[in-house]
2 protein chains.
Amino acid sequence: MAPTSKTNRVTIKTVAADAGVSVAAVSKVLRDAYGVSDALRARVQASMEKLNYRPHAGARAMRGRTYTLGILLPDMRNPFFADILAGVNEALERTQYQTMIGVSRSAETIEMSLIDSMIDRQMDGLIMIGPRMPPETAEAVSTRIPTAVVGYHVPQLATLDTANNDDVAGAAQVVRHLATNGYRRITMVTLAVPTKNVVVTVQRERGYREAMKERGLAQHINIVPADQTAREVQTAVRHLLESRHRPEALFCWTDMVALHALSVAKDLGLSVPGDLAIVGYDNTIYCDLAQNSLTSVDQSGQVLGLQAARLLIERIDGRQQGDHFVVSPRLVVRGSSRPRPS
Amino acid sequence: MAPTSKTNRVTIKTVAADAGVSVAAVSKVLRDAYGVSDALRARVQASMEKLNYRPHAGARAMRGRTYTLGILLPDMRNPFFADILAGVNEALERTQYQTMIGVSRSAETIEMSLIDSMIDRQMDGLIMIGPRMPPETAEAVSTRIPTAVVGYHVPQLATLDTANNDDVAGAAQVVRHLATNGYRRITMVTLAVPTKNVVVTVQRERGYREAMKERGLAQHINIVPADQTAREVQTAVRHLLESRHRPEALFCWTDMVALHALSVAKDLGLSVPGDLAIVGYDNTIYCDLAQNSLTSVDQSGQVLGLQAARLLIERIDGRQQGDHFVVSPRLVVRGSSRPRPS
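The rules we used
Residues numbered from 1 in each chain as written. Chains lettered and ligands numbered in written order. Predicted model: local features only at pLDDT ≥ 70, side-chain atom pairs only at ≥ 80, totals over all residues. Heavy atoms only, no water. Helix = DSSP H or I, 4+ residues; strand = E, 2+ residues; numbered from the N terminus. Rg over C-alpha atoms; globule rule 2.2 N^0.38 Å. Buried < 20%, exposed > 50% of the residue type's maximum accessible area, 1.4 Å probe, protein only. Contact = heavy atoms within 4.5 Å. Areas by Shrake-Rupley, 256 points an atom, 1.4 Å probe, with all protein chains shown as cover. Lys, Arg positive; Asp, Glu negative; His and termini not counted. Charge placed at Lys NZ, Arg CZ, Asp CG, Glu CD. Phe/Tyr/Trp six-rings, centres within 6.5 Å; stacked < 30°, edge-to-face > 60°. Polar contact = N/O pair within 3.5 Å; in protein donor to acceptor, adjacent residues only side chain to side chain. Domains from an automatic or database assignment. Axes fitted to C-alpha atoms, helices over the stretch in contact; angles between N-to-C directions. Parallel < 35°, antiparallel > 145°, perpendicular 65-115°, else oblique. Left-handed = near helix turned anticlockwise from the far one by under 90°. Nonpolar A, V, L, I, M, F, W, Y, C, P; charged D, E, K, R; others polar. Salt bridge = Lys/Arg side-chain N within 4 Å of Asp/Glu carboxyl O. Pairing = 2+ DSSP bridges. Right-handed = clockwise from strand over helix to strand, strands pointing away. Expected span 1.5 Å × (residues − 1). pLDDT = per-residue confidence, 0-100.

S.K.: What should I look at first to understand the overall build of chain A in this one?
M.R.: Scanning chain A from N- to C-terminus turns up 12 helices and 12 strands. Its C-alpha radius of gyration of 26 Å places chain A more than 25% over the 20 Å reference for a compact globule of 342 residues. In terms of overall dimensions, chain A has C-alpha extents of about 90 × 50 × 35 Å along its principal axes. Considering chain A as a whole, with its 342 residues, one finds that 59% of them fall into the buried category. Considering only residue pairs separated by 6 or more positions, chain A has 68% of its internal contacts joining residues 24 or more positions apart. Element-wise, carbon and sulfur atoms account for 50% of the exposed surface of chain A, whose accessible area totals about 13900 Å². Both charge centroids of chain A, one from 39 positive and one from 34 negative side chains, sit 4 Å from each other.

S.K.: Looking at this model, I keep getting lost on the packing of aromatic side chains. Mind explaining?
M.R.: How two aromatic rings sit relative to each other is set out by the distance from centre to centre and by the angle between their planes. All names here are of chain A. The full count for this structure, using the stated rule, is 7 aromatic pairs over all chains. Consider the rings of Phe251 and Tyr281, whose centres lie 6.4 Å apart with planes at 40°: the pair is tilted. Of this pair, Phe251 sits in strand β8 (residues 249–252) while Tyr281 sits in strand β9 (residues 277–281), and the two are 30 residues apart along the sequence. No difference in accessibility class separates Phe251 from Tyr281, as the two residues are buried.

S.K.: Could you clarify how one ought to interpret the side chain of A:Thr147 in this entry?
M.R.: Residue and element names in this part refer to chain A. Structurally, the position occupied by Thr147 is in strand β4 (residues 147–150). By relative accessible area, which is 0% here, Thr147 ends up buried. A distance of 2.6 Å separates a polar side-chain atom of Thr147 from the backbone oxygen of Ile145. When residues no more than four places from it in sequence are discounted, the contact partners of Thr147 are Leu126, Met128, Val141, Ser142, Leu160, Asp161, Leu312 and Arg315.

S.K.: Help me out: how do you make sense of the domain arrangement of chain A in this one?
M.R.: Interface size is commonly expressed as the accessible surface area that is lost when the partners come together. The domains assigned to chain A are domain 1 (12–54), domain 2 (68–165 + 301–326) and domain 3 (167–300 + 331–337). For domain 1 of chain A versus domain 2 of chain A, the distance between C-alpha centres works out to 38 Å.

S.K.: Can you walk me through the packing of helix α10 (residues 230–241) of chain B against helix α11 (residues 255–267) of chain B in this structure?
M.R.: Axes are the key here: two packed helices are described by the angle between their axes and the distance separating the axes. All names here are of chain B. Interhelical geometry of α10 versus α11 gives an angle of 50° and a closest axis separation of 9 Å. With respect to their mutual orientation, α10 and α11 come out oblique. Considering the relative orientation of α10 and α11, their crossing is right-handed. Along its contact with α10, which presents Ala230, Val233, Gln234, Val237, Arg238 and Leu241, the element α11 presents Val257, His260, Ala261, Ser263, Val264, Ala265 and Asp267. Looking at the contact of α10 with α11, its residues break down into 8 nonpolar, 3 polar and 2 charged.

S.K.: What's the story with the side chain of A:Glu111 in this structure? I'm lost.
M.R.: All names here are of chain A. Structurally, Glu111 can be placed in helix α6 (residues 108–120). Here Glu111 sits buried without a salt bridge, and the closest side chain of opposite charge, Arg132, lies 6.1 Å off (N-O distance). Leave out the neighbours within four places in its chain, and Glu111 touches Leu72, Ser104, Pro131, Arg132 and Met133.

S.K.: Sorry, what's going on with the pairing of strand β7 (residues 223–226) of chain B here?
M.R.: Residue and element names in this part refer to chain B. Here β7 shows a clear split, with Val224 and Ala226 buried on one side and none of Ile223 and Pro225 buried on the other. The pairing of strand β6 (residues 186–191) with β7 spans 4 bridges and is classified as parallel. Bridge pairing links Leu191 to Ala226 in β7. You can see the chain leave β6, run along helix α9 (residues 200–214) and come back into β7, and the turn it takes is right-handed.

S.K.: Explanation requested: the sheet that holds strand β10 (residues 295–298) of chain A in the structure shown.
M.R.: Residue and element names in this part refer to chain A. The strand order across the open sheet built from 6 strands is β7-β6-β8-β9-β10-β12, with neighbouring strands paired in mixed fashion. The sheet is open, and its two edges are formed by β7 (223–226) and β12 (330–332), each paired on a single side. On average, each strand axis in the sheet is tilted by 20° relative to the strand beside it, whichever way the strands run. Pairing between β9 and β10: 3 bridges, direction parallel. If you follow Tyr281 over to β10, its bridge partner there is Val297. Sitting on the sheet, helix α10 (residues 230–241) is in contact with β6 (186–191), β7 and β8, with an inclination near 150° to β7.

S.K.: Sorry if this is basic, but what is going on with the pattern of salt bridges here?
M.R.: Here the idea is simple: oppositely charged side chains can pair when their charged atoms come close. Tallied over the entire structure, the rule returns 34 salt bridges over all chains. Linking B:Arg77 and A:Asp83 is a salt bridge whose minimum nitrogen-to-oxygen distance equals 2.7 Å. Residue B:Arg77 is found in the loop between β1 (68–73) and α5 (80–92), and its partner A:Asp83 is found in helix α5 (residues 80–92); the two belong to separate chains. The buried category is assigned to A:Asp83, whose relative accessible area is 12%. Through salt bridges with shared partners, a single ionic network connects A:Asp161, A:Glu314, A:Arg315 and A:Arg319.

S.K.: Is there a simple way to think about helix α6 (residues 108–120) of chain B in this case?
M.R.: All names here are of chain B. Between the first and last C-alpha of α6 there are 18 Å, a value that for 13 residues agrees with the 18 Å anticipated at 1.5 Å per step. When we look at burial in α6, the residues that qualify are Glu111, Leu114, Ile115, Ser117, Met118, Ile119 and Asp120. Positive backbone phi, at 70°, marks Gln122, one or two positions downstream of α6.

S.K.: Any chance you could explain the packing of α5(B) against helix α12 (residues 301–316) of chain B here in plain terms?
M.R.: Residues and elements named next belong to chain B. Running from N to C, α5 and α12 point in directions that differ by 45°, and their axes come no closer than 6 Å. Classified by the angle between their axes, α5 and α12 sit oblique to one another. Pair α5 / α12 crosses with right-handed handedness. Residue-level contacts link Phe80, Asp83, Ile84, Ala86, Gly87, Val88, Glu90, Ala91 and Leu92 of α5 to Gly301, Gln302, Leu304, Gly305, Leu306, Ala309, Arg310 and Ile313 of α12. Grouping the constituent residues of the contact of α5 with α12 by class yields 10 nonpolar, 4 polar and 3 charged.

S.K.: What's the story with the confidence of the model for chain A in this structure? I'm lost.
M.R.: Low pLDDT marks stretches whose predicted atomic positions should not be read closely. With 92% of its residues at a pLDDT of 70 or more, chain A shows a mean pLDDT of 90. Between residues 55–63 of chain A, whose pLDDT stays under 50, and residues either more than four places distant or in other chains, the model counts 20 contacts.

S.K.: What should I look at first to understand the sheet that holds strand β9 (residues 277–281) of chain B in this one?
M.R.: By way of backbone hydrogen bonds, the strands of a sheet pair with one another, either parallel or antiparallel. Residues and elements named next belong to chain B. With respect to topology, 6 strands assemble into an open sheet ordered β7-β6-β8-β9-β10-β12, the strand pairing being mixed. Each edge of the open sheet carries a strand with a single partner, namely β7 and β12 (330–332). Direction aside, the axes of adjacent strands within the sheet are offset by 20° on average. The pairing of strand β8 (residues 249–252) with β9 spans 3 bridges and is classified as parallel. Each bridged residue has a counterpart across the sheet, and for Leu250 the counterpart in β9 is Ile278. Each of β6, β7, β8 and β9 touches α9; the most contacted strand, β6, lies at about 165° to it. Contacting β6, β7 and β8, α10 crosses the sheet at an angle of about 150° to β7.

Here is the structure:
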């Protein structure tokens, strides 16, 4: 193919130039606005045919579905989301559906703007992963576009579907495991900001608190919030590990935080688990690497993604009742939480 | 807001039902097809107005840009891509532009189908990251939609822009650093399949080969291909490390591979760098964690993303010449490649 110094994409401007009319006039013809003369219409249509003007997504969508699902991700750094997306892809493998991902950077304003954009772009449905918006907003979104949500606890809503693991049970499993292995001063590192019950970290905090009480460790309950940036997490963990009453174990709300905790512990010359046990959540691919050997809760991210996609397609196909799928979490024990030497 | 058991999104079906005509008839009116009677048009338009039928993305796009850029990613597992996307977001921060991401799973057929879909969805431009397609195809894509590419060497093309690091120089830096630190049997682990010069791994293989010759280590040149899956990478590395002539150092084409190599070495009881030096590429956030302490080449992913987005917007604004940005790579030395004890 000979290099060309000019793109040959046919746009509304090309059509206008060819027909010798204004862009506004072409737009009127395309929108079938009032007051368009038959002569103008014929002229513009002739140019569109001659130039092989590509029919718009909108125009094609009018004939049916676009077979595109929008996915709203909080960020690109958490490896857990790749597991969820693998499940979504698995569900869609034999369908015509494609996905397009918007990244909200955990900001509600970006979330809303991306959702508007996805509706404008004719997505057939929306999968939101751990969104920041309050449940009223999620409900309002679901009245505009078929919606499934992963990692968001709204079992009362009928207008959308959800796929979750039981976060309360997962956190309780971590505490019981650590307590059984001889750890008492168990501190939880959680995500700063969220206070709403819909959020997974708030559910995990509840499970942590309940299990600490159940094991007679109420006096050791300590929940430390940290932002998601590497710097914030490392500062919070360092502060904890340098404190006079250093925790014996850290339960981190997600593996990324636990990986940073492993790093800080190593920097401070602490051995894991000799001086400090560390447990994560999500059982991402990094847990299994020998240099991490990180105990973590497997919430079956791939299953969650698969279920969310299936539920969404059922919803697109017309189901109107809410379907709320919950999977049981499973603790995967590795070296970072071996029994404490007594 | 009272829960509702039904989405209230107005679709073409709603309009057809309200107007008491077929969906096909509404579609004809919307497409301004030939043979639509004035009476039918008036009836359908009245229903659309009454129901406040949401104007389509396409119809709005006709009035100008959609301010949405498509991004084509090979996969969601490589943490390097998050750096590139952070740069893209930085470039777009003060603009109206949003991004939507499609994940090709490194398959050319999925790439092409996503690109069609992005063009259909009225994206103003496209950023491709390490695409699999041959340069002729990339050129053809760029004649359909303004295009910038990251991690793809096509300096000869004028119809698209690129942002790259000098992969030949980056790989050569790794070899020179290892050779200076006393390592001679330096093996490169590369990505299976690609053989085209446009691909970053092929460029890095060239840099590795040239620098090995330059340092008088031609007899030790060994390039081992592996797929990107965890299992494939670990199998290939294990095979190497259990062989009779175990390499003294591994140069891995990307950090993810190097992290797996660290894990296999630890599993086999090899100390890093005592028994084996390991170097990665991309200088992702995991390199800095103390449990990895991984020497890596920083190719300034964020700068590449930023430049690609800037170049793309210039291209959308009308620039027609090709602009090919190249940043110099920089080796970041950490514990995994300390001088070899002699």
